2 protein chains.
Amino acid sequence: MSRAWRRLAAAPQAFLAAPAVSATAFGLKPTACSSRDKAKAAADKQSVFWISGSSQGCAKTLPCKFDHYGGVIVSPDGVPKEEGNFREMLASSLQEWEMQQKRGVWLHLSIEKSSLIPIATKEFGFEFHHAEPDHVMMTKWLPKDAPNTLPANASHTIGVGALVTNSEGHILLVRERTGPAGRSGVWKIPTGMVDAGEELHEAVVREVKEETGIDATFEYFGAFTMNHGGNLAHEGKSNIFFIVKCKALSNQIQMCQSELTDARWFTQEEWDALPFPEKGSLWWEINRSALAPEAVLSIKELAWGSNRPDMKRMLYFPLKRSAL
Amino acid sequence: MSRAWRRLAAAPQAFLAAPAVSATAFGLKPTACSSRDKAKAAADKQSVFWISGSSQGCAKTLPCKFDHYGGVIVSPDGVPKEEGNFREMLASSLQEWEMQQKRGVWLHLSIEKSSLIPIATKEFGFEFHHAEPDHVMMTKWLPKDAPNTLPANASHTIGVGALVTNSEGHILLVRERTGPAGRSGVWKIPTGMVDAGEELHEAVVREVKEETGIDATFEYFGAFTMNHGGNLAHEGKSNIFFIVKCKALSNQIQMCQSELTDARWFTQEEWDALPFPEKGSLWWEINRSALAPEAVLSIKELAWGSNRPDMKRMLYFPLKRSAL
């Protein structure tokens with residue numbers, strides 16, 4: 001995998017210097033006719049550069065932009081719906097991009113244009129890169145003498161578990177209706193998935209509210225772990241699971257009937273007496289790491305820098321608990 | 001999104017009780033003919049249950065298994081290559097699954113069978129769920145009176161940055177060849193992407209070695225942050241970036257020419273004098289969090305429990321630095 005691309009996605013630090021090539025930029029209109037020299041000159045000056053295949057005498061190539069990694073990003077709106085037209089334009093486009101010594105080609109096909117997918121795969125050697133409900137992103141690596149260095153798809157899911165205590169020090173546990181935990185009938189802490197775009201400390205508060213109706217506030221993070229097992233929806237992916245200590249603002253449980261069969265407050269003695277998770281196991285340690293640690297993960301919000309005071313991010317950082 | 005499914009992926013704790021429905025289980029052979037009662041009875045007893053459409057008088061339905069969420073998982077190997085055959089089998093299968101009040105249908109189509117994709121989308125209303133280079137996973141939600149509760153695709157990428165010091169307390173910095181950081185020419189710490197299936201503390205050691213040839217050992221984690229900007233390869237996804245303190249075992253830099261234009265050791269004074277990252281900014285705090293913190297994130301390996309002593313996971317937990 002491309003170290004350069006991997007770094008791009010890995011190190012948001014790099015984005016301080018220039019905006020990344022973003023899917024949202026697809027809305028830009030073509031600004032010039034494709035030609036090797038003009039494209040190169042423009043690409044040297046600006047982050048992305050739209051070239052048009054349908055105007056200014058450059059018929060039959062797909063509208064696209066070039067990135068700073070030698071990549072070609074086809075404009076989704078510029079992809080014709082009609083199969084014969086698509087075949088013809090893609091053929092001449094690939095010929096031109098190969099001449100220009102381009103590297104990776106990115107082809108975003110909306111679900112309405114799915115009849116073009118077999119053409120892209122069978123006739124032009126495109127592969128799938130990733131997909132969301134309404135589109136598939138396909139790629140083709142052009143260099144014959146260099147390995148494919150395009151970055152991989154999203155690789156992880158993120159989970160959070162809430163260790164919620166109330167003013168009496170009782171702990172909130174639930175029994176799930178379905179799935180493995182439902183079948184085994186264990187009492188467990190409320191857990192949930194973090195959505196892309198969501199902060200960890202907000203996701204956990206949302207999950208507690210959705211499952212139990214309890215209003216809770218974030219206190220700090222304890223430990224976390226990774227699970228590489230994957231599952232049907234996340235084949236070959238890993239999951240990072242964070243434990244989050246929360247304080248309940250209310251005691252009255254309003255259980256989500258479709259998700260849970262039971263939910264109640266446990267005293268610490270009752271919790272300790274439960275067979276699951278087994279004492280000394282990973283999950284037991286994770287739960288306990290949020291209850292009486294010497295150090296925790298805390299959060300604060302910081303700006304990227306004085307040139308971007310509006311662009312704030314949460315910093316999650318280790319802290320002695322006594323400093324909280 | 002389904003809370004139950006989200007919990008499944010979020011809470012590996014649940015897997016202690018029973019194995020998840022996994023794509024690797026696709027290799028199982030059909031064990032019985034499809035029939036509502038038999039399938040239900042079997043599904044109640046075991047985790048997954050294969051039904052065959054091509055034998056025992058049940059012609060024209062696709063081989064599949066049922067999961068404990070009311071889902072139907074079509075066997076990839078049982079999907080016919082021929083379009084007419086696929087159309088006919090999928091039509092009668094959907095009719096049967098609707099009668100059985102099944103909920104989500106999972107259809108894994110290999111790239112060799114991409115001519116079936118437009119049939120699934122246009123004629124049967126399937127959507128994309130996720131894709132990897134050689135296949136696309138499609139889904140269809142059957143209930144007309146219930147919202148789609150299938151879990152979303154993988155949501156995050158994970159990055160690591162290495163704060164590597166040598167025996168003299170010097171810090172390893174690099175200049176990248178391409179991308180935004182390459183164009184701005186900043187000196188920065190080595191960073192990289194964590195692969196699915198890889199541990200954070202191993203990924204960072206690998207990246208340092210690949211970029212600079214330096215052998216380093218993991219010491220501890222500092223802070224981390226999330227970036228929701230996404231990019232072309234990870235549209236709509238978030239990135240979690242961890243800073244990792246490492247100790248160099250060697251001083252001699254062997255720079256990766258294709259990735260970097262420069263790499264060298266900086267004294268702490270030289271590092272402090274650099275304009276990037278700006279003092280007080282998020283990235284400055286992240287870097288500094290790994291240098292002289294009162295608390296850090298440490299790691300240890302633990303088993304899931306006595307019933308699975310072979311199944312070990314890394315626990316990442318906050319610790320007073322003095323305890324290291």
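What you are looking at is a predicted structure, and each value in this text was computed from that prediction instead of being measured. (Residues numbered from 1 in each chain as written. Chains lettered and ligands numbered in written order. Predicted model: local features only at pLDDT ≥ 70, side-chain atom pairs only at ≥ 80, totals over all residues. Heavy atoms only, no water.)

Draft legend 1. Structural view of the pairing of strand E9 (residues 171-176) of chain B. All names here are of chain B. Taken across its six residues, E9 has five buried, putting it largely inside the fold. Bridge analysis of E9 against strand E13 (residues 260-266) gives six bridges, and the strand direction is antiparallel. The residue bridging leucine 172 from the neighbouring strand is tryptophan 265, located in E13. (Buried < 20%, exposed > 50% of the residue type's maximum accessible area, 1.4 Å probe, protein only. Helix = DSSP H or I, 4+ residues; strand = E, 2+ residues; numbered from the N terminus. Pairing = 2+ DSSP bridges.)

Draft legend 2. Up close: unusual backbone geometry. All names here are of chain A. Cis geometry marks the peptide bond from phenylalanine 276 to proline 277; its omega dihedral reads -5 degrees. Within the secondary structure layout, proline 277 lies in the loop between helix H7 (268-273) and helix H8 (282-289). Phi is positive for glutamine 101, which is not a glycine, with a value near 55 degrees. For glutamine 101, the location among the structural elements is in the loop between helix H3 (83-99) and strand E5 (104-110).

Draft legend 3. Layout of the interface of chain B and chain A. Each partner contributes to the interface: chain B provides 131 residues, whereas chain A provides 129 residues. Summed over both sides, the interface of chain B with chain A buries roughly 11200 Å², with 62% coming from carbon and sulfur. For the salt bridge of glutamate 132 of chain A with lysine 237 of chain B, the shortest nitrogen-to-oxygen distance reads 2.7 Å. Connecting chain B to chain A are 39 residue pairs in polar contact (both at pLDDT 80 or more). Each residue belonging to the side of chain B that touches chain A can be placed in one class, and the counts come to 67 nonpolar, 37 polar and 27 charged. The sheet contact formed by strand E15 (residues 312-320) of chain A and strand E11 (residues 216-227) of chain B spans two bridges and is antiparallel. Counterpart to tyrosine 316 of chain A in the pairing with E11 of chain B is phenylalanine 224 of chain B. (Contact = heavy atoms within 4.5 Å. Buried area = accessible area lost by both parts, 1.4 Å probe. Salt bridge = Lys/Arg side-chain N within 4 Å of Asp/Glu carboxyl O. Polar contact = N/O pair within 3.5 Å; in protein donor to acceptor, adjacent residues only side chain to side chain. Nonpolar A, V, L, I, M, F, W, Y, C, P; charged D, E, K, R; others polar.)

Draft legend 4. Molecular detail of the pairing of strand E7 (residues 135-141) of chain B. Residues and elements named next belong to chain B. Within E7, seven of the seven residues are buried, which leaves it mostly tucked inside the rest of the structure. Residues His135, Met137, Thr139 and Trp141 point to one face of E7 and Val136, Met138 and Lys140 to the other, with burial holding for every one of them. Relative to E7, strand E5 (residues 104-110) is paired through seven bridges, and the arrangement is antiparallel. Bridge pairing in E7 places glycine 104 opposite tryptophan 141. One ladder, built from five bridges, connects strand E6 (residues 127-132) with E7; its direction is antiparallel. By the bridge assignment for E7, glutamate 127 is matched with threonine 139.

Draft legend 5. Here's a closer look at H3 of chain A. Residues and elements named next belong to chain A. Taking 1.5 Å per residue, 17 residues should reach 24 Å; H3 reaches 24 Å between its end C-alpha atoms and fits that length. Turning to H3, its buried residues are Phe86, Met89, Leu90, Ser93, Leu94, Glu96 and Trp97. Along the long axis of H3, the arc covered by the buried residues comes to 165 degrees, so they all point the same way. In H3, the exposed residues that point more than 90 degrees away from the buried face are Gln95 and Met99. Elements in contact with the buried residues of H3: strand E3 (64-66), strand E4 (72-74), E5, helix H4 (117-123) and strand E7 (135-141). The positive-phi residue at the C-terminal boundary of H3 is glutamine 101, with phi of around 55 degrees. (Expected span 1.5 Å × (residues − 1). Arc of directions from axis to C-beta.)

Draft legend 6. Examining the nonpolar core more closely. Counting 60 residues, the largest nonpolar core has Phe242 of chain A together with Phe242 of chain B as the members making the most contacts within it. Val79, Met89 and Leu109 of chain A together with Leu107 of chain B belong to the second-largest nonpolar core, a separate cluster that totals 52 residues. (Core = buried A, V, L, I, M, F, W, Y, C linked by side-chain atoms within 4.5 Å.)

Draft legend 7. Main features of the pattern of salt bridges. Residue and element names in this part refer to chain A. This model, assessed by the stated rule, comprises 28 salt bridges over all chains. Arginine 264 is the partner of glutamate 270 in a salt bridge, and the nearest nitrogen-oxygen pair spans 3.5 Å. Residue glutamate 270 is classed as partly exposed on the basis of its relative accessible area of 32%.

Draft legend 8. Structural view of the environment of serine 167 of chain A. All names here are of chain A. Counting through the fold element by element, serine 167 comes out in the loop between strand E8 (156-165) and strand E9 (171-176). Take serine 167: its relative accessible area is 69%, and that puts it in the exposed class. A sequence separation of 82 residues divides serine 167 from leucine 249, and the C-alpha atoms of the two residues are 8.3 Å apart.

Draft legend 9. Highlighting helix H6 (residues 200-212) of chain B. All names here are of chain B. Compared with the 18 Å implied by 1.5 Å per residue over 13 residues, the 18 Å span of H6 between its first and last C-alpha is a close match. Taken residue by residue, H6 has Leu200, His201, Ala203, Val204, Arg206, Glu207, Val208, Glu211 and Thr212 as its buried positions. Once H6 ends, the next one or two residues include glycine 213, with phi positive near 75 degrees.

Draft legend 10. Focus on the relation of the copies chain B and chain A. Placing chain B over chain A gives an RMSD of 0.0 Å and needs a rotation angle of 180 degrees, together with 0.0 Å of translation along the axis. What the superposition gives is, in effect, a two-fold axis relating one chain to the other. Of the interface residues in chain B, 98% have counterparts in chain A that sit at the interface too, so the contact is made through matching surfaces. (Least-squares fit on C-alpha atoms with pLDDT ≥ 70 in both.)

Draft legend 11. The packing of aromatic side chains, seen in detail. Taken as a whole and assessed by the stated rule, the structure comprises 19 aromatic pairs over all chains. Ring plane angle 80 degrees and centroid distance 5.4 Å describe the contact between phenylalanine 241 of chain B and tryptophan 283 of chain B, whose orientation is recorded as edge-to-face. Of this pair, phenylalanine 241 of chain B sits in strand E12 (residues 238-248) while tryptophan 283 of chain B sits in helix H8 (residues 282-289); the two residues are 42 residues apart in sequence, bridging distant segments of the chain. According to the relative accessible area criterion, phenylalanine 241 of chain B is buried, its value standing at 0%. Ring-pair connections join several aromatic residues into one group, and the members of that group are Phe218, Phe221, Phe224, Phe242 and Tyr316 of chain A together with Phe218, Phe221, Phe224, Phe242 and Tyr316 of chain B. Above the ring of tryptophan 187 of chain B, the side-chain terminus of arginine 264 of chain B is found at 5.7 Å from the ring centroid. Its guanidinium or amino end placed over the ring of tryptophan 271 of chain B, arginine 288 of chain B lies 3.8 Å from that ring's centre, counting from NZ or CZ. (Phe/Tyr/Trp six-rings, centres within 6.5 Å; stacked < 30°, edge-to-face > 60°. Lys NZ or Arg CZ within 6 Å of the ring centre and 35° of its normal.)

Draft legend 12. The arrangement of the environment of serine 322 of chain A in detail. Inspection of the secondary structure assignment puts serine 322 of chain A in the segment after E15. Through-space distance from the C-alpha of serine 322 of chain A to that of proline 293 of chain A is 9.8 Å; in sequence the pair is 29 residues apart.

Draft legend 13. Layout of the side chain of lysine 140 of chain B. Residues and elements named next belong to chain B. Relative to the helices and strands, lysine 140 resides in strand E7. Glutamate 98 provides the closest opposite charge to the buried, unpaired lysine 140, separated from it by 5.4 Å. A polar atom in the side chain of lysine 140 sits 3.0 Å from the backbone oxygen of phenylalanine 124. Contacts of lysine 140, omitting those with residues within four sequence positions, involve Leu94, Arg103, Gly104, Val105, Phe124, Gly125 and Phe126. (Lys, Arg positive; Asp, Glu negative; His and termini not counted.)

Draft legend 14. Up close: the side chain of glutamate 198 of chain B. Mapping glutamate 198 of chain B onto the fold places it in the loop between strand E10 (191-193) and H6. Within the structure, glutamate 198 of chain B has its side chain in polar contact with the backbone nitrogen of aspartate 195 of chain B (distance 2.9 Å). Ignoring sequence-local partners within four residues, the contact set of glutamate 198 of chain B consists of Met226 and His228 of chain A together with Met193, Ala203 and Arg206 of chain B.

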